[in-house]
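Each chain, letter by letter, is given below.
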Amino acid sequence: MNASEQVRQPVGAETGGLPPANVFDRMCPSRGVLEHVTSRWGVLVLGALYERGYRFSELRRQVSGVSEKMLAQTLQTLERDGFVLREAHPVIPPRVDYSLTPLGREAAELVAALAHWTEQRVPAVITAREEYDGRAATAVG
């Protein structure tokens, strides 16, 4: 089975009567889901929530650098896609908790593995960049 065939296979879920997804097809709805899950903030929010649930302000501190607006948009998108559960508690002051749904835990496990791999491979990437930049400078000069 080649890489494109592997991507098209449903992962642990029924397609609900829909044709199988093909992420390589420009009209495939899986592309939007992939974009949400693999966006910079999507990966980091899923990774943080994989550890535990958070209140909004806690999550914002955990995902350093995200603006309040961007975090709210990311959470809303991930909630709409069925990855994040938003629980509003009727107390004063208002309290809202965010956690992962079972579908969200599945996605978070995958992106957490990618994030961990990325952290481990940064030295190799930096070396490759330096080598590339050295070759590019030699070719121009």
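Right above here is the structure, for reference.
Everything in this summary refers to the structure shown in the same document.

This part takes up the overall build of the protein. Helix and strand content of the protein: 6 helices and 3 strands. For the protein, the α and β elements follow one another from N to C terminus as α-α-α-β-α-α-β-β-α. Looking at the protein as a whole, 21% of its 141 residues are labelled buried. Accessible area of the protein: about 10,300 Å², with a carbon and sulfur share of 56%.

Direction vectors running N to C along helix H3 (residues 40-51) and helix H6 (residues 102-140) enclose 110°, while the axes themselves pass 8 Å from each other. Classified by the angle between their axes, H3 and H6 sit roughly perpendicular to one another. Along the contact surface, H3 presents Val43, Leu46, Leu49 and Tyr50, while H6 presents Gly104, Arg105, Ala107, Ala108, Glu109, Val111, Ala112 and Ala115. When its residues are assigned to classes, the contact of H3 with H6 shows 9 nonpolar, 1 polar and 2 charged.

In spatial order, the strands read E1-E3-E2; together these 3 strands make up an open sheet with antiparallel pairing. Strand pairing shows two members of the sheet lacking a second neighbour, strand E1 (54-55) and strand E2 (84-89), which therefore form its edges. Pairing of E1 with strand E3 (residues 95-100) involves 2 bridges; the strand directions are antiparallel. Pairing of Arg55 across the sheet is with Asp97, part of E3. Sheet strands touched by H3: E1, E2 and E3. Its angle to E3, the strand with the most contacts, is close to 95°.

So, about the environment of Leu59. Structurally, Leu59 is set in helix H4 (residues 56-62). Residues Leu59 and Tyr98, spaced 39 residues apart in sequence, show a C-alpha to C-alpha distance of 8.5 Å. Other than its neighbours up to four places away in sequence, Leu59 contacts Val45, Ala48, Leu49, Tyr54, Leu71 and Leu75.

This brings us to helix H5 (residues 68-80). The end-to-end C-alpha distance of H5, which contains 13 residues, comes to 18 Å, matching closely the 18 Å that a straight helix rising 1.5 Å per residue would cover. Residues Leu71, Thr74, Leu75 and Leu78 constitute the buried set of H5. Viewed end-on, H5 has its buried residues packed into an arc of 95°, placing them on one side of the element. Residues Lys69, Gln76 and Arg80 are exposed on H5 and point more than 90 degrees away from its buried face. Where the residues of H5 are buried, they touch helix H2 (30-38), H3, H4, E2 and E3.

Further remarks concern the packing of H2 against H3. Contact pair H2 / H3: the axes reach a minimum separation of 5 Å and the direction vectors enclose 65°. The angle between H2 and H3 falls in the class roughly perpendicular. Taking contact as the criterion, the partners of His36, Val37 and Thr38 in H2 are, on H3, Arg40, Gly42, Val43 and Leu46. Grouping the constituent residues of the contact of H2 with H3 by class yields 3 nonpolar, 3 polar and 1 charged.

This part covers H3. Its 12 residues place the ends of H3 17 Å apart at the C-alpha level, agreeing with the 16 Å of an ideal helix rising 1.5 Å per residue. What H3 keeps buried is the set Trp41, Gly42, Val43, Val45, Leu46, Ala48 and Leu49.

Conventions and cut-offs
Residues numbered from 1 in each chain as written. Predicted model: local features only at pLDDT ≥ 70, side-chain atom pairs only at ≥ 80, totals over all residues. Heavy atoms only, no water. Helix = DSSP H or I, 4+ residues; strand = E, 2+ residues; numbered from the N terminus. Buried < 20%, exposed > 50% of the residue type's maximum accessible area, 1.4 Å probe, protein only. Areas by Shrake-Rupley, 256 points an atom, 1.4 Å probe, with all protein chains shown as cover. Axes fitted to C-alpha atoms, helices over the stretch in contact; angles between N-to-C directions. Parallel < 35°, antiparallel > 145°, perpendicular 65-115°, else oblique. Contact = heavy atoms within 4.5 Å. Nonpolar A, V, L, I, M, F, W, Y, C, P; charged D, E, K, R; others polar. Pairing = 2+ DSSP bridges. Expected span 1.5 Å × (residues − 1). Arc of directions from axis to C-beta.

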